[in-house]
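So you can see what is in the structure, the chains are spelled out below.
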Amino acid sequence: MEASAPCRARRGWRRARAAGSPLSRAAVVLLLSALVLRAPPSVGYLVRLPRDFHLTQESEKIVGSPNFPVKVYVMLHQKSPHVLCVTQRLRNFELIDPSFQWHGPKGKIISENSTAQVTSTGSLVFQNFEESMSGVYTCFLEYKPTVEEIVKNLQLKYIIYAYREPRYYYQFTARYHAAPCNSVYNISFEKKLLQILSKLVLDLSCEVSLLKSECHRVKMQKAGLQNELFFTFSVSSLDTEKGPKPCVGHSCESSKRLSKAKNLIERFFNQQVEVLGRRAEPLPEIYYIEGTLQMVWINRCFPGYGMNILKHPKCPECCVICSPGTYNSRDGIHCLQCNSSLVFGAKACL
């Protein structure tokens, strides 16, 4: 008959005591901590979403202004809102014999276009918005206010921007009391710790990466020197490279999963402290130093995108495609100035 998890843990504990190596004793602490966290957390979690995050709604309708271009934000690879060829005032009036004509970055838009369509009432709709569709769009409207009046003309401009969710993740650091810095036990322990952390969040479709690992000798307050391992990890959503998905009901699925992963990781390190506190034997040579776990929420935009609360107040924490005259060449937060950049979404300043 297969032994239960607690029985297997006790047997592993006895083998570790017999082996007596720093790695074996430290691995037991990690094992016991991981066993406690096999079940999903019952505590609540905080969903981190950008403030005033603009969600594309297919039923949304956007009207123009005769005084200035209206900014429209469309999530990459999603359907756009309906961009109307009327102002708010004209929308409330009858229009006799209206005629609509749209022009975009690539010229005149016809209603039969597969990606950008003009409806019978003059609305512009994108079925699958791509980066290259970002730009200035102009609608030319001809109409009569009444049958007796002459034809009137109106020109409305829109600037339509692609945007996508930020590349957000948690970065966390932790410190461990270590074996001598040249010891092979430290390297083995590092691999074991990464393996356990990775398995911990795997069911959440998240991944843990080791960004940095360093061993240092630390002079303690009113004490001697001790060896410590300084770890820096990141935990991110596995689907960030597969293209952004729309948020539904004001909650992003990847944000939820990352928040759950954060809770699991925090509980894992807290559990190590509890396991060590219940030990009757001396501490193992490699063990987590209580209170050293630090977790930081990181926002980054993909190349060609950036955040700008002044330029995009309706979407202040969205990663909006860089306008002409700016660029973002790496995973930064903002689009940088570049006078030679003449296109939307520039990834380099040439």
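What counts, and where the lines are drawn
Residues numbered from 1 in each chain as written. Predicted model: local features only at pLDDT ≥ 70, side-chain atom pairs only at ≥ 80, totals over all residues. Heavy atoms only, no water. Helix = DSSP H or I, 4+ residues; strand = E, 2+ residues; numbered from the N terminus. Buried < 20%, exposed > 50% of the residue type's maximum accessible area, 1.4 Å probe, protein only. Disulfide = S-S within 2.5 Å. Core = buried A, V, L, I, M, F, W, Y, C linked by side-chain atoms within 4.5 Å. Pairing = 2+ DSSP bridges. Contact = heavy atoms within 4.5 Å.

J.: Can you help me understand the environment of Leu 200 in this one?
T.: On the secondary structure map, Leu 200 appears in helix H4 (residues 184–202). For Leu 200, a relative accessible area of 13% translates into the label buried. Separated by 68 residues in sequence, Leu 200 and Phe 268 place their C-alpha atoms 8.8 Å apart.

J.: Sorry if this is basic, but what is going on with the state of the cysteines here?
T.: One pass over the structure, following the stated rule, counts 6 disulfides. Linked covalently through their sulfurs, Cys 85 and Cys 139 form a disulfide whose S-S length is 1.5 Å. Taking the sign of the S-S torsion, -90° for the link of Cys 85 and Cys 139, the bridge is left-handed. With Cys 85 in strand S3 (residues 82–87) and Cys 139 in strand S8 (residues 135–144), the pair connects residues that are 54 residues apart, well separated along the chain. With a sulfur-sulfur separation of 2.0 Å, Cys 301 is cross-linked through a disulfide to Cys 319. Judged by the torsion about the S-S bond (-80°), the Cys 301/Cys 319 disulfide is left-handed. Here Cys 301, found in the loop between strand S14 (294–300) and strand S15 (305–306), pairs with Cys 319, found in strand S16 (residues 319–321); they are 18 residues apart in sequence, far enough to count as distant. Owing to a relative accessible area of 0%, Cys 301 belongs among the buried residues under this scheme. Judged by its relative accessible area of 0%, Cys 319 falls in the buried class.

J.: Sorry if this is basic, but what is going on with the nonpolar core here?
T.: Note that soluble globular proteins tend to have their nonpolar side chains buried in a common cluster. By size, the foremost hydrophobic cluster in this structure holds 42 residues, and its most contacted members are Trp 102, Leu 124, Phe 126, Tyr 137, Tyr 158, Ile 160 and Tyr 305. Secondary-structure elements contributing two or more residues to this core are strand S1 (61–64), strand S2 (70–75), S3, strand S6 (116–118), strand S7 (124–126), S8, strand S9 (152–164) and S16. If one sorts the elements of this core by residue count, S9 sits on top with 8 residues. Of all hydrophobic cores here, the second largest spans 31 residues; its members include Tyr 170, Leu 197, Val 201 and Leu 204.

J.: Where do I start with the pairing of strand S10 (residues 167–177) in this structure?
T.: Alignment of S10 against S14, held across 7 bridges, turns out to be antiparallel. Bridging across to S14, Phe 172 finds its partner in Met 295. As judged from the 9 bridges shared by S10 and strand S12 (residues 225–237), these two strands associate in the antiparallel manner. Bridge pairing links Tyr 169 to Ser 236 in S12. Note: S10 against strand S13 (residues 287–288), 2 bridges, orientation antiparallel. Across the sheet, the residue bridging to His 177 is Tyr 287, located in S13.

J.: Is there a simple way to explain the environment of Cys 215 in this structure?
T.: When you line up the elements, Cys 215 lands in strand S11 (residues 206–219). C-alpha of Cys 215 to C-alpha of Phe 231: the two residues are 16 residues apart in sequence and 8.9 Å apart in space.

J.: How should the environment of Ser 340 be read in this particular structure?
T.: Mapped onto the secondary structure, Ser 340 falls in the segment after strand S18 (336–337). With 15 residues separating them along the chain, Ser 340 and Gly 325 place their C-alpha atoms 6.4 Å apart. Residues in contact with Ser 340, not counting those within four places in the same chain, are Cys 349 and Leu 350.

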